[in-house]
Amino acid sequence: MGDDSEWMKLPVDQKCEHKVWKARLSGYEEALKLFQKIGDEKSPEWGKYLGLIKKFVTDSNAVAQLKGLEAALAFIENAHVAGKTTGEVVSGVVTKVFNQPKARAKELGTDICLMYIEIEKAEVVQDELLKGLDNKNPKIVVACIETLRKALSEFGSKIVTLKPVVKILSKQFESREKAVREEAKLLAVEIYKWIRDALRPPLQNINSVQLKELEEEWVKLPSSPPKQSRFLRSQQDLKAKFEQQQAQGGEQSDGEDEVETVAAVDPYELLEAVEILSKIPKDFYEKIEAKKWQERKEALEAVEVLAKNPKLESGDYGDLVRALKKVVGKDANVMLVSLAAKCLAGLAAGLRKKFGTYAGQVVPTILEKFKEKKPQVVQALQEAIDAIFLTTTLQNLSEDILAVMDNKNPSIKQQASLFLARSFRHCTQATLPKSVLKPLCAALIKQVNDSAPEVRDAAFEALGTAMKVVGEKAVNPFLTDLDKLKLDKIKECADKVELPGGKKGAGGGSGGGDKKPAAKAPPAAEAPPKSSAPARKTQTAASKQSAGPSKKGKPTSAAGGKSKKTPDSKEVTESELSPEVCEDLAAGVLPAACLQQLDSANWKERLASMEEFQRAVETMDKAVMPCQALVKMLAKKPGWKETNFQVMQMKLHIVALIAERGQFSKTSASVVLDGLVDKVGDIKCGGNAKEGLTAIGQACSLPWTAEQVVSMAFAQKNPKNQAETLNWLSNAMKEFGFAGINVKGFINNVKTALGATNPAVRTAAITLLGVMYLYMGAPLRMFFEDEKPALLSQIDAEFEKMQGQSPPAPIRFTKKAAAAEEDGDEGEEQEEDGEGGHDIMDLLPRTDISDKITSELVSKIEDKNWKIRKEGLDEAAAIISEAKFITANIGELPLALKGRLCDSNKILVQQTLTILQQLATAMGPGLKQHVKALGIPVITVLGDSKLNLRTAAMTTLQAWVEQTGMKEWLEGEDLSEEMKRENPFLRQEVLGWLAEKLPTLRTVPGDLMLCVPQLYTCLEDRNGDVRKKAQDALPTFMMHLGYDKMIKATGKLKPASKDQVVAMLEKARAVMPAKPAAPAKTGGGKGSAEPSRAASASRSQPASDDLDSKPEVKKVRGGAAAKKGAAGKKPVAKSQKDEEDKSGPIFILIPNAKEQRIKEEKQLKILKWNFITPRDEYVEQLKTQMSTCFAKWLQDELFHFDFQRHVKAIGVMIERLESESEATISCLDLILKWFTLRFFDTNTTVLMKVLEYLKLLFGMLNRENYHLTEYEANSFAPYLILKVGESKDVVRKDVRAILAMLCKVYPASKVFPFLMEGTKSKNSKQRAECLEELGCLIEGYGMNVCQPTPAKSLKEIAVHIGDRDTSVRNAALNTVVAVYNVCGDQVYKLIGNLSEKDMSMLEERIKRSAKKTPAAPAKQSATERPQREHPTNPNATFLRKPAQEDPNKLNQARQNAQLSESSHPSIPKEFQLDLDMIEMDQSRVCELPDLVQHKLDELLEPIMIPEPKMRSVSPHFDDLHNSTASTINFVISQVASGDINTSIQALAQIDEVLRQEDKAEVMSGHIDQFLIATFMQLRLIYSTHMADDRLDKKDIIKLYSCIIGNMLSLFSMESLAREASMGVLKDLMHGLITLMLDGRVEDIEDGQQLIRSVNLLVIRVLEKSDQTNMISALLVLLQDSLVTTAGPPMFSELVMKCLWRMIRFLPETINSINLDRILLDVHNFMKVFPKEKLKQLKSDVPHRTLKTLLHTLCKLTGAKILDHLSMIENRNESELEAHLRRVVKHSGNLSGLKSDRGNEKTGMRTEDRMSKAKVSDILSEIFKKIGSKENTKEGLTELYEYKQKYSDADLEPFLKNTSQFFQSYVERGLRLIESEREGKARIQTSAVIPQHGVESSLSSNNEELKPAVYYERLKILRQRQGLENTSRQGLGGSEDEPQQRPPISSLLSSKPSVASSTDMLHSKLSQLKESRELYQQEHNAHSHSPTHAHTRSASPAANLDDLKKRLERIKSNRQ
């Protein structure tokens, strides 16, 4: 017992878990007591046992288990949390309790299950019990079935879902265990009680004996339905009611319950769907086409067997339906027709709603086939059409039915009416709206008067059924034209009708009651005046409503007018009276004298008679006034032929009086109308006639009167009458409103009027159209599209006038309408308002195109070859566009198009979508019946992976919904089936669409519930976008389905999912939008119309409207939805309070807050703003960060669920942008982050507002001179670039504008990588736009923007030339062309290898652009460029710009000048402006000194302006450079133009620059480009212009002169001339020598002079160019000319002459040339022409030339020349080395002398040999430096020094493994250092200026100008320092002191002579800006220097003159 005492001390919950069973038993007992004691169901005590209950029931000890079960039952009954344990406990009961032998245990187990059901967990319990049926232990199976039976018996079929139970029932009958079979039988009997015969089909397949037994049991059951005897916790009210009934023992509610239970279970739901498509015989489609009817019959019988299955699996039955339809329609064998009809009936019954897709195709065929007389066929067809009706709606079939109502065959008409009668029985008031009933009743009324009795009877039956279903009140307005006999017949039929389910019809029993008020109304004389007041109000309200655009932008017809159609049959059906009767009646009310004098010959007597008549009418009582008799008296001779105008006026006035005062019928009206119309145009009587017409309009309704009057007027020939009639109608429409007017009725007459010869008639017609336009809107124009353009423009002008006006409120009403409104009838009218917009569409004349949709066309569309399919689609599109407006009958087109929506060829899918959009417009509301067939497949396309297809599908979807409304889409399972597809694109598109559409609907079909499981799945989808869309859609679903239903639907989810979804539902509940207000049916008058008007306005407001009005609309909507006044007031009060808070600042300026945020992000304390789609944690983080610096109310708005609030918030931010600019900048990072979130919204309204704000924001930042930080840009730019691929043009345009503005506040070079990233997008639009933008950046900012290097960027850009998308290809090509315009042919190197196709496209584009260039850039520069004209300095720091500087000024000045001035259209003025600026801008550029004081003959020396002490350069220079560089590029590109004048213009501009030394430097960096353009032009002249006889040779000479003049100017400036590269020099020399040898030039006048100039130029080029490049160029040229013998023989001679001249220069130039390169070229030459081959040539001159060159080189350098063979890889390939050794040997003594000179230069090389290891260390150290970013320059300098010292050093091992780029980089670097050290020595002057100033400036300058942008890493570093070298070399001493080089420290930072244009410009401007004193001092130093080492080669006199002229010009400019 010691053990016992241990566990007895434990708490209860621990005892229950103890390993000793006694302890557990004791624990269970205590727990049981405890559970019964705890009073509070929510007590925390329950929580302790949650995890233990399963153990209670599954205890291994039987005794303990029993007690455990009792305790568990008590727990479940009393604990609030018990529901959480359902699954595990019931599962435990099934497996561990139901198998126990003790009956008590099983009983408790069953009770536990039932208790769980009671606490609302029926579904889980049922699932566990059904799982138990699969258990191998039959005891468990029996117990499960028994528990299910008890549950059903007690709780009923509403709580226990029968479908899954019935599903497994038949399986249990097959069990081996008898006990199971018996229990199954009992369960079947129990189920039968609840659902009766619905159980039979699922049990058809069980053993016949068992079935028989069951039948016997079923028969015994009582007929009264069972009742629920146990209730859920939520059904306590029902429980009380049940107990009360039990107490009374009453059976009152039986009938009611029966209806409920019958409706509860549909046998169809319990059935398993059968898949039959795969079971159709393979040869079915062949057999059905067979000629033998027996084969066709076999095929049909096979299908009939399959179609008999009561429930069919959904699938594509299109082909099968088409085959059956063909048999029904075309087969001659009636037996087969009925067989096919049976198959169709079976399919329709088995598929139900899923068959609706095909209904539209089959019904017309069946209706046509009713012409068959055989009863069996007719019966089969009836069954088929009835089954099909149940799968669709009457609305969808109404068009087809109406189409056959006019058929000549009476059988068809009869059967159509009978079908309608049967169909009406299945309808309710809701499913049979007026819009559907009205046309059907009209058609049936025609049939009531048919000659065939069977047709009449059928029509009566149909009308009777309709009356029974919707009530007399609804049908009577359509029956106004029937006489009493027929009406009675209809009512009789209505009484006979039995509706299914024994329901009473809506109108049942109220037949007579309905008519009474109408009959009583007329006698009350005061009624009209009284009633007109409220009526008028309603009219006004309604017309106001119609003024706002409805959903389609077409005004809805005014509501009030609709009530004209209320029953008033007594007035309308006045039969015509004979003249005698009329006279008698008139005699009764008129004085005898009056009647006698009516036709007197004396007009005065007639006048007197009229006066009497008038008095009598005025005093007569309305009830007794015989209107028809009176008007017939007036029409009596002379009647309307009255000649005296006074009598006539009187007569017309009386007609108006009678019409106003009496009960004036249409019969009376037709007596007088003719006469009135005849007098309308009369000058004197016209007014009275119009008055009469208006009165008749009031009495008989305007629509009827208008139609009659217009047709009468146009039956006459009198144009005056016609014009006045139309004028009257215009006015009448304004007075009466437009309601009910049948436009079709007189539209043809209006067309006639438009074509009339009389202008008054035309004018009147156009005015009438203007008035109609007020009411109808744009669709009216559709009637007149075919008119002549001149007329159409007049109509358009009239419409334009009416634009924006709203129609006036009606002031007159038809009497009947006024009376009816008094009955408070306008609720119904407003219901029709929704359809009012479509009424106008219904009026349009529609074409039936079904006959054009031939089977050939359909088979084309379905062909295997896509081209033929495309042809078919093109034809279909053409048919639709030709027809303009079409009926809903389009034959087999829907199925054909449906097939194309899933076409493998995406182009065809796109085309099909376009056709569907076309269909929507053309078909209008008739489209509804095609929603299932064609609309739903469009949704499938939303899942396509291509964005453009998804966008097109969404556009199509929207176009369809606009016509059909949403109801059709939401009905049935189609939408939920689509959402089941696990396609993220489809899901997000559909959910987004639903979220947009659902809030606008007042009601939705219940089938929306089917989509909820899919919605929940989407909430947990892997794809973030899908989840987000699902969350957005959640509140809109809840708004229609209600929170409770949605929560209930979560029951089937897994527990984890359920918790998540329930939490989301709670959130959604808080933001659930209010339903749009339904028009109130009670209030009447204005109030009722207001809310709906607001709702419709908010629905239809286009996105581009002023958005601020939207929140207001929202309030109205909310207000209308508020249930009670008090509830409505609260929010209003709250919002007023909010308003007060909103006056403070919206952003709070916190110092250093932004810096802190940047720091936190760097330290990774917070998430980096980087995502593909924004996750919740980012949003939360942003909220937290914003909370400190955003106003609370603003933050709430910004993160509100409703997008309207976002729009509002952005509106406020726009207002405060300027006033709170400082604070805005302090929160800029957060603002931009919030906007990036908005980029992920799909709402265009918000997006447009966002872009509007961003444009203003960046404008403000630019004005404030603010620069974005990297942190801000990184978290914003990538997301902005996403939007550049938006499908809407307007968005893309705005985003591009913002990108352009972004470049003003953030360096373009840093925007570049973002755009490069954007080009990798999958969205082709985005790729294209990013590429375009890159092109613009390169155009605007030069190549410096390309990051990381131009080569890398361009390779990536060039990849897109091969893109699949045309727009991307074009954009890529344009971008590369932009690069070409900047850097010429270098572009080919940069883009790397392209495929042949891409390269040819590019070359073609470059050629085209060269042709277009003259015109295009001028345009571009005037329009686009100003936006980009102000690039920020790429090197500037990214903090605020110093406030005092305004870099914009100069730029603006330049823009203004550029825009205002245009001299030659093809040349932009930028370039000249730059020059002017340098010369004119006094404020920025210092004046040049007064040069007159110097002797000009001393100015032969070029003046070296010293480098000023460098200061940080203002950003202004960069602006200047960027635009200058791009302009120079542009002008150079024009030099090569095919148009001579363009080229001359460009050359003139360049010449102007080159002639002015102070400006010529801007050409630096562009020399190669310029020379390439020049020799291209030379080639063009040589090959094209010279051969063109049409061209004036003087022009050619002029062009040549310009070219040579330019070259001479260029090559007279050594610094520029030396920039020319070897390849370019080679081509240039080729061009010039070819020109010298061109015989055609000599023959032209001045040709000789030209050739002399060329000669001079060639000498200049040879002298001034870089000597190494020149010699190399000539060697290569010589080699080429010797290889190709095609050229002129003199060519190679001239090349050799040039070489000799170069050899002559060698003694002076040997130190500056790169021997290695020259020897490499000689080596290559000798490889091609070895000694032997050279000697074989005709002439020995080439051989001699080469020997002379080598000899001279050896002579000058001696043995050292052998050290310069380093660049030759394989020296054995040529004889060069051997030859050199020989020469060196021979001239040994010379070489010693030369080597001394060499040693002077290089230091004692021979003594300084080092060991190889040491060499290797040193070199590897140097190469390491070159490879690093920072020390690359230093490394190159050291390498150069090293090579100078050890010229035989072998660099090969170090370069071998490096990239080609690195090798060429090193080579280029060394060359530049070499040229800079040696080449410059020649320009040195003797003036020595102390160096420290410059030295000290270097380091500081390095820091200040450190570039932010690398343009090819090395180039930028080389270009860093302006042009110090020039000056420093000048400082370093003369040629005689070669050792005095600047120290290495200065060389490290020095810059090569080939500087970029940027730095040229920097240095030039800074030189000009230096003060005059410094200038003069330096100038004097120069000009008085005694030695001039360098003299010019040209004649001094010429130079002097030239210089004088230039100086004069500059001086005059300065003054």
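All residue numbers refer to positions counted from 1 along the written sequence of the respective chain. Note on the predicted model: pLDDT of at least 70 is required for a residue's local features to be given, and 80 or more for side-chain atom pairs to be given and counted; whole-chain, interface and lining totals, by contrast, use all residues. Based on all heavy atoms of the structure, the side-chain values leave hydrogens and waters out of the count.

Engineer: Would you explain the overall build of the chain in this entry?
Structural biologist: Numbering of helices and strands runs from the N terminus, with a helix taken as a DSSP run of H or I at least four residues long and a strand as a DSSP run of E at least two residues long. A tally of helices and strands in the chain yields 109 helices and 0 strands. When a residue's accessible area, from a 1.4 Å probe over protein chains only, is under 20% of the maximum for its type it is buried; when over 50% it is exposed; and in between it is partly exposed. Looking at the chain as a whole, 54% of its 2015 residues are labelled buried. Contact definition: two residues touch when any of their heavy atoms are within 4.5 Å. Put simply, of all contacts in the chain between residues at least 6 apart along the chain, 76% involve residues at least 24 apart. Just so you have it, the chain exposes about 90200 Å², and 52% of that area is on carbon and sulfur atoms. Only the protein chains shown count as covering a residue, and every accessible area follows the Shrake-Rupley method with a 1.4 Å probe.

Engineer: What should I look at first to understand the packing of helix 24 (residues 410-425) against helix 26 (residues 453-470) in this one?
Structural biologist: Angle between the axes and distance between the axes are the two parameters that describe a pair of packed helices. All axes are obtained by fitting lines to C-alpha atoms, using only the stretch in contact for helices, and the reported angles, taken between N-to-C directions, cover 0 to 180 degrees. Contact geometry for helix 24 and helix 26: axes closest at 8 Å, N-to-C directions at 15°. With respect to each other, helix 24 and helix 26 are oriented roughly parallel. When you trace helix 24 past helix 26, the crossing you get is left-handed. Of the residues in helix 26, those in contact with Pro410, Lys413, Gln414, Ser417, Leu418, Leu420, Ala421, Phe424 and Arg425 of helix 24 are Glu454, Val455, Ala458, Ala459, Glu461, Ala462, Thr465, Ala466 and Val469. Relative orientations are named as follows: roughly parallel for angles under 35 degrees, roughly antiparallel for angles over 145 degrees, roughly perpendicular for angles from 65 to 115 degrees, and oblique for any other angle. Take the far helix as the reference: if the near one is turned anticlockwise from it by less than a right angle, the crossing is left-handed, and if turned clockwise, right-handed.

Engineer: Even after reading the chapter, I still don't get the packing of helix 35 (residues 627-635) against helix 37 (residues 666-680), so can you show me in this structure?
Structural biologist: The interhelical angle for the contact between helix 35 and helix 37, taken along N-to-C directions, is 10°, at an axis separation of 9 Å. By the angle between their axes, helix 35 is roughly parallel relative to helix 37. Counting all contacts with helix 35, which are made through Cys627, Gln628, Val631, Lys632 and Ala635, the residues of helix 37 involved are Thr667, Ser668, Val671 and Val672. Across the contact of helix 35 with helix 37, the residue classes tally to 5 nonpolar, 3 polar and 1 charged. Three categories are distinguished: nonpolar for Ala, Val, Leu, Ile, Met, Phe, Trp, Tyr, Cys and Pro, charged for Asp, Glu, Lys and Arg, and polar for the others, with Gly belonging to the last.

Engineer: I tried to follow the side chain of asparagine 396 on my own but got confused; where do I start?
Structural biologist: Secondary-structure assignment places asparagine 396 in helix 23 (residues 394-405). Polar contact is the term for a pair of N or O atoms within 3.5 Å; when the atoms are in protein, one must be able to donate a hydrogen and the other to accept it, and sequence-neighboring residues count only if both atoms are side-chain atoms. Within the local environment of asparagine 396, its side chain forms a polar contact with the side chain of threonine 392, the two groups lying 3.1 Å apart. If we ignore the near neighbours within four places in the chain, the residues touching asparagine 396 are Lys928, Gln929 and Glu968.

Engineer: Even after reading the chapter, I still don't get a positive patch on the surface, so can you show me in this structure?
Structural biologist: Patches draw on residues past 30% relative accessible area with no salt bridge. Two like charges within 9 Å are joined, as are two nonpolar side chains (Val, Leu, Ile, Met, Phe, Trp, Tyr) within 5 Å. Salt-bridge detection follows one rule: a side-chain nitrogen of Lys or Arg within 4 Å of a carboxyl oxygen of Asp or Glu. In this tally, Asp and Glu contribute negative charge and Lys and Arg positive charge; neither His nor the terminal groups of the chain are included. Working definition for charges: the position is that of NZ of Lys, CZ of Arg, CG of Asp or CD of Glu. On the surface, a cluster of positive charge is contributed by Lys1731, Lys1735, Lys1747 and Arg1782. Along the chain, arginine 1782 turns up in helix 97 (residues 1776-1786).

Engineer: When you look at the pattern of salt bridges in this model, what are you seeing that I'm missing?
Structural biologist: Summed over all chains, the structure comprises 75 salt bridges. Aspartate 974 is the salt-bridge partner of lysine 932, the closest N and O atoms lying 3.5 Å from each other. Of this pair, lysine 932 sits in helix 51 (residues 931-941) while aspartate 974 sits in helix 54 (residues 974-980), and the two are 42 residues apart along the sequence. One salt bridge in this structure joins glutamate 978 and arginine 981, with 3.0 Å as the shortest N-O distance. Exposure remark for glutamate 978: the relative accessible area of 6% places this residue in the buried category. The structure contains a network of salt bridges with shared partners spanning Asp1289, Arg1292, Arg1296, Glu1329 and Glu1333.

Engineer: Can you help me understand helix 76 (residues 1366-1383) in this one?
Structural biologist: Because each turn of an α-helix spans 3.6 residues, side chains separated by three or four positions end up pointing in the same direction. Every helix has an expected span of 1.5 Å times one less than the residues it contains. The end-to-end C-alpha separation of helix 76 is 26 Å, in line with the 26 Å expected for 18 residues at 1.5 Å each. Inspection of helix 76 places Val1368, Ala1371, Ala1372, Leu1373, Thr1375, Val1376, Val1377, Ala1378, Val1379, Tyr1380, Val1382 and Cys1383 among the buried residues, and these make up the whole buried set. Once helix 76 ends, the next one or two residues include glycine 1384, with phi positive near 65°.

Engineer: So what exactly am I meant to see when it comes to unusual backbone geometry here?
Structural biologist: You will see that glutamate 120, though not glycine, has its phi angle at about 75°, which is positive. Along the chain, glutamate 120 falls in the loop between helix 8 (103-118) and helix 9 (122-132). For glutamate 120, a relative accessible area of 39% puts it in the partly exposed group. Within the chain, leucine 1164 stands out as a residue other than glycine whose phi angle is a positive 60°. Here leucine 1164 is to be found in the loop between helix 63 (1153-1162) and helix 64 (1176-1189).

Engineer: Even after reading the chapter, I still don't get the packing of aromatic side chains, so can you show me in this structure?
Structural biologist: Aromatic ring pairs: the centre-centre distance and the angle between the two ring planes describe each pair. Centres within 6.5 Å are what make two rings of Phe, Tyr or Trp a pair, Trp counting through its six-membered ring; a difference in plane orientation under 30 degrees is then read as stacked, over 60 as edge-to-face, and the rest as tilted. Taken as a whole, this structure holds 25 aromatic pairs when the rule is applied. A ring pair is formed by phenylalanine 389 and phenylalanine 419, whose centres lie 6.1 Å apart and whose planes are at 85°; its orientation type is edge-to-face. Of this pair, phenylalanine 389 sits in helix 22 (residues 375-389) while phenylalanine 419 sits in helix 24; the two residues are 30 residues apart in sequence, bridging distant segments of the chain. Here the two residues phenylalanine 389 and phenylalanine 419 agree in accessibility, since each one is buried. Each ring, one from tryptophan 1169 and one from phenylalanine 1171, has its centre 5.1 Å from the other, and the planes form 75°; the classification is edge-to-face. Overall, the relative accessible area of 4% leaves tryptophan 1169 in the buried class. Phenylalanine 1171 gets classed as buried once you look at its relative accessible area, which sits at 8%. An aromatic cluster of at least three residues, connected via ring pairs, comprises Tyr28, Phe35, Trp46, Tyr49, Phe56 and Phe75. Criterion for a charge above a ring: Lys NZ or Arg CZ within 6 Å of the ring centre, and within 35 degrees of the ring normal. Above the plane of the ring of phenylalanine 645 lies lysine 684, whose end atom (NZ or CZ) is 4.4 Å from the centre. Looking at arginine 1069, its charged tip hangs above the ring of tyrosine 1043, at a distance of 3.7 Å from the centre.

Engineer: I'm lost on the nonpolar core in this one. Help?
Structural biologist: The nonpolar side chains of a soluble globular protein tend to be buried, and buried together. Formed by 98 residues in total, the largest nonpolar core has its most connected members in Phe1190, Leu1194, Leu1254, Phe1258, Leu1261 and Leu1268. Leaving out residues up to four positions away in the same chain, phenylalanine 1190 has contacts with Ile1146, Phe1147, Ile1148, Leu1198, Cys1227, Leu1230 and Ile1231. Grouped together as the second largest cluster of nonpolar side chains are 97 residues, Val1695, Cys1698, Leu1762 and Ile1768 included. Throughout, nonpolar core names a set of buried Ala, Val, Leu, Ile, Met, Phe, Trp, Tyr and Cys residues whose side chains join them through atoms within 4.5 Å.

Engineer: Would you mind going over the state of the cysteines with me for this structure?
Structural biologist: Two cysteines whose sulfur atoms are joined by a covalent bond form what is called a disulfide. Count a disulfide wherever a pair of cysteine sulfur atoms falls within 2.5 Å. Applying the stated rule across the entire model yields 0 disulfides. Free of any disulfide, cysteine 1383 has its nearest cysteine sulfur in cysteine 1346, 8.5 Å distant.

Engineer: Where do I start with the confidence of the model for the chain in this structure?
Structural biologist: One rule of thumb: low pLDDT means the predicted coordinates there are not for detailed reading. pLDDT measures how confident the predictor is about each residue, on a scale from 0 to 100. Averaged over all residues, the pLDDT of the chain is 75; the fraction at 70 or higher stands at 76%. For the stretch residues 1079-1140, pLDDT sits under 50, and the model shows 60 contacts to residues farther than four places along the chain or on other chains.

Engineer: Got a minute to help me understand the environment of cysteine 582 in this structure?
Structural biologist: Mapped onto the secondary structure, cysteine 582 falls in helix 32 (residues 579-589). Separated by 47 residues in sequence, cysteine 582 and alanine 629 have C-alpha atoms that sit 4.2 Å apart.

Engineer: Just to check I follow, could you spell out helix 93 (residues 1690-1709) for this structure?
Structural biologist: The terminal C-alpha atoms of helix 93, which comprises 20 residues, lie 28 Å apart, in line with the 28 Å expected from a rise of 1.5 Å per residue. Its maximal kink placed at isoleucine 1703, helix 93 deviates by approximately 25°, while the proline proline 1707 follows within four residues. Phe1691, Ser1692, Leu1694, Val1695, Met1696, Cys1698, Leu1699, Met1702, Ile1703, Phe1705, Leu1706 and Thr1709 are the residues of helix 93 that are buried. Structurally, helix 93 contributes buried residues whose contacts are with helix 89 (1622-1636), helix 91 (1647-1664), helix 92 (1667-1683) and helix 96 (1741-1757). Note that the bend at a residue is defined as the angle between axes fitted to the seven residues ending at it and the seven residues starting at it.

Engineer: Would you take a moment to explain the environment of isoleucine 747 for this structure?
Structural biologist: Mapped onto the elements of the fold, isoleucine 747 is located in helix 41 (residues 743-754). With a relative accessible area of 5%, isoleucine 747 lands in the buried category. Between the alpha carbons of isoleucine 747 and phenylalanine 783 there is a distance of 8.1 Å; along the sequence they are 36 residues apart. Not counting the four nearest positions on each side in its chain, isoleucine 747 is found in contact with Met772, Leu780, Phe783 and Phe784.

Engineer: Hey, could you run me through the environment of glycine 1869 in this one?
Structural biologist: Looking at where glycine 1869 falls in the secondary structure, it is placed in helix 102 (residues 1860-1878). Of the residues examined, glycine 1869 reaches a relative accessible area of 3% and is grouped as buried. Along the primary structure glycine 1869 and threonine 1832 are separated by 37 residues, whereas in three dimensions their C-alpha atoms are 9.8 Å apart.

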